[in-house]
Amino acid sequence: MMWIIDGHQDIAYEAILHHRDYKRSVAASRAVEPDDPTNRITLGYPEYREAGIGIIFPTVFLEKIADGRADPVPAIQFRNGDEFHRAALAQLDFYRRWNDDPDGKFRLLRTRAEYDALVSALDQGEPAPIGLVPLMEGTEGLRSFSDLDEYIEAGLRIVGPVWAGGRWCGGGMNDPSDGFTAAGYDLLNALSGRGLILDVSHMNKKSAETAIERYDGVVIASHCNCISLLRRPRNQRLLHDDTIRLMIERGGVIGVVPCNFFLNSEWKSGDDRRLVTLDTLADHIDHICQLAGSADHAAIGTDLDGGFGYPAIPYEMNDIGGLGKIRAVLAKRGYEPSDIAKICHANWQRILEKGAFQ
């Protein structure tokens, strides 16, 4: 079975916040969680295997809270730089503990040798752990650029400066005119100087295009869909065609998101699930491919379980296990096996080999 790289999953944050064990099945997790008809867990180890997930970019995501609120929840919230630093290290340690677990289910990829060994096993269909390449989503609480070195030592390879936006540049909920601040340009230099991959997800149009044009290193959008395919986009969170073209010119890759309201802006909780299907997801993949004139720049970044889950995922998916069905959907549209392989994993491979494991 053709394997998949998922460019974005909020594993540590969700596991800590909701006390989730992503090593067990989705069914087992749903059986013990409070029944939430609008947002059910979608990730689990058996379902990863069902989909053919081989590598994940799991996030370090931290929530900023106001100074006047109660003490932050350890490892997921912060009020200041010191709390951000401790929480970031705690989430990176979450992935280290998965790596060190003798069950061998997951492997933190920190060297080219580790990466090459895993990819070789996946390509040959041999049993292998699921690889982890951590991605920091939002650096608004970053204490100092020197802290990045400690995060890199712990396995961090990709950084998205923005979640809410403001400190470094404009985010998806900010004024469209908000661009990079002086400190934001310094951050770009600090990231490129350390060889980190830059993720422009959650930036507004002006900031994303500035970052793509100016960043010296490898640039991606780990989890973004195409705003031109939506009738009533809710914010600037998705990519305009001009931004996609810039990403293509830079050799970047865009991970599409199987989130119903990022695929159909008119879809809302409680609507007929048949209104959003894997064909809708394929529309966004195909749009990127048509703009590029090739399949070299589209990939998958599910963003699960990042604030949404079942039933806000395409009709054919009950959980991450159903993601593998995208292969047949693309084949039905006439995509060749080599192009499907690019979308499923090879495009992310190219990025990792250029930016994380040179």
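From a predicted model like this one, the values you see are computed outputs, not experimental measurements. For every chain, the first residue of the written sequence is number 1, and numbering continues from 1 along that sequence. Only residues with pLDDT of at least 70 get local features here, since the model is predicted, and only at 80 or more are side-chain atom pairs given and counted; chain-wide, interface and lining totals rely on the full set of residues. Computation of side-chain values: all heavy atoms of the structure, hydrogens and water removed.

Caption draft 1: Focus on helix 5 (residues 112-123). Compared with the 16 Å implied by 1.5 Å per residue over twelve residues, the 16 Å span of helix 5 between its first and last C-alpha is a close match. Every buried residue of helix 5 is listed here: Tyr-115, Leu-118, Val-119, Ala-121 and Leu-122. Looking straight down helix 5, one finds its buried side chains confined to an arc of 160°; they lie on one side. Turned more than 90 degrees from where helix 5 packs its buried face, Ala-113, Ala-117 and Asp-123 sit exposed. In this text, helices come from DSSP runs of H or I with a minimum length of four residues, and strands from runs of E with a minimum of two, each type numbered from the N-terminal end. By definition here, a helix of n residues has an expected span of 1.5 Å times n minus one. The classification of residues rests on relative accessible area computed with a 1.4 Å probe and restricted to protein chains. Under 20% of the type maximum is buried, over 50% is exposed, and intermediate values are partly exposed. Taking the helix axis as origin, the arc is that swept by the directions to the C-beta atoms.

Caption draft 2: How the structure looks around the nonpolar core. Judged by nonpolar contacts, the single largest core of 93 residues is most densely connected at Ile-11, Tyr-48, Tyr-151, Val-200 and Ile-326. Apart from residues lying up to four places away in sequence, Tyr-151 is in contact with Phe-84, His-85, Ala-88, Leu-89, Leu-92, Met-136, Leu-142 and Leu-156. Remark: nonpolar core denotes a set of buried residues (Ala, Val, Leu, Ile, Met, Phe, Trp, Tyr, Cys) joined through side-chain atoms within 4.5 Å. Counting 24 residues, the second largest nonpolar core, distinct from the first, contains Leu-109, Leu-118, Leu-122 and Ile-220. Throughout, a contact is declared for two residues whenever any of their heavy atoms are within 4.5 Å.

Caption draft 3: Spotlight on the layout of surface pockets. One number sums up the size of the largest pocket: a volume of about 430 Å³. In terms of lining residues, the largest pocket is bounded by 19 residues, among which Trp-163, His-202, Arg-237, Asp-303 and Gly-306 are the most central. Grouping the amino acids of the lining of the largest pocket by side-chain chemistry returns eight nonpolar, six polar and five charged. The method works on a 1 Å grid over the protein atoms by themselves. A cavity is a set of points holding a 1.4 Å probe that cannot get out, a pocket is an open set with protein on both sides within 12 Å along at least five of seven lines, and residues with an atom within 4 Å of a point line them. Grid points are joined across faces, edges and corners, and a volume is the space filled by probe spheres set on the points. Side-chain classes follow a simple rule in which Ala, Val, Leu, Ile, Met, Phe, Trp, Tyr, Cys and Pro form the nonpolar group, Asp, Glu, Lys and Arg form the charged group, and the remainder, Gly included, forms the polar group.

Caption draft 4: Up close: unusual backbone geometry. With an omega dihedral of -15°, the bond running from Leu-304 to Asp-305 counts as a cis peptide bond. Mapped onto the elements, Asp-305 comes out in the loop between strand 12 (298-300) and helix 12 (326-332). Here the bond from Tyr-310 into Pro-311 is cis, since omega is 10°, no more than 30 degrees from zero. Despite not being glycine, Ala-75 has its phi angle at roughly 80°, a positive value. You will see that His-202, though not glycine, has its phi angle at about 75°, which is positive. Within the secondary structure, His-202 is located in the loop between strand 9 (197-199) and helix 8 (205-214).

Caption draft 5: Looking closely at empty space enclosed by the protein. Using the criterion set out here, one finds one cavity of 30 Å³ or more in the structure. For the largest cavity, the calculated volume is near 60 Å³. Forming the walls of the largest cavity are Leu-230, Pro-233, Arg-234, Asn-235, Leu-238, Phe-261, Phe-262 and Ser-265. Partitioning the lining of the largest cavity into residue classes produces five nonpolar, two polar and one charged.

Caption draft 6: Region of the structure containing the packing of aromatic side chains. For this analysis, a ring pair means two rings from Phe, Tyr or Trp (six-membered ring only for Trp) whose centres lie within 6.5 Å, classed as stacked if their planes differ by under 30 degrees, edge-to-face if by over 60, and tilted for the remaining angles. Within this structure, the stated rule accounts for 14 aromatic pairs. Centroid distance Phe-94 to Trp-98: 5.1 Å. Interplanar angle 50°. Geometry classified as tilted. Highlighted residues: Phe-94 and Trp-98, both in helix 4 (residues 81-100), separated by four residues, approximately one helical turn. For Phe-94, a relative accessible area of 10% translates into the label buried. Judged by relative accessible area, Trp-98 falls into the buried class, the value being 9%. An aromatic cluster of three or more residues is present, and its members are Tyr-45, Tyr-48, Phe-94, Tyr-95, Trp-98 and Phe-106. Of note, Lys-105 hangs over the ring of Tyr-45, and the distance from its end group to the ring centre comes to 5.2 Å. Only when the NZ of Lys or the CZ of Arg is both within 6 Å of the ring centre and within 35 degrees of the ring normal is a charge said to sit over the ring.

Function cannot be inferred from these measures alone, as they are strictly geometric.
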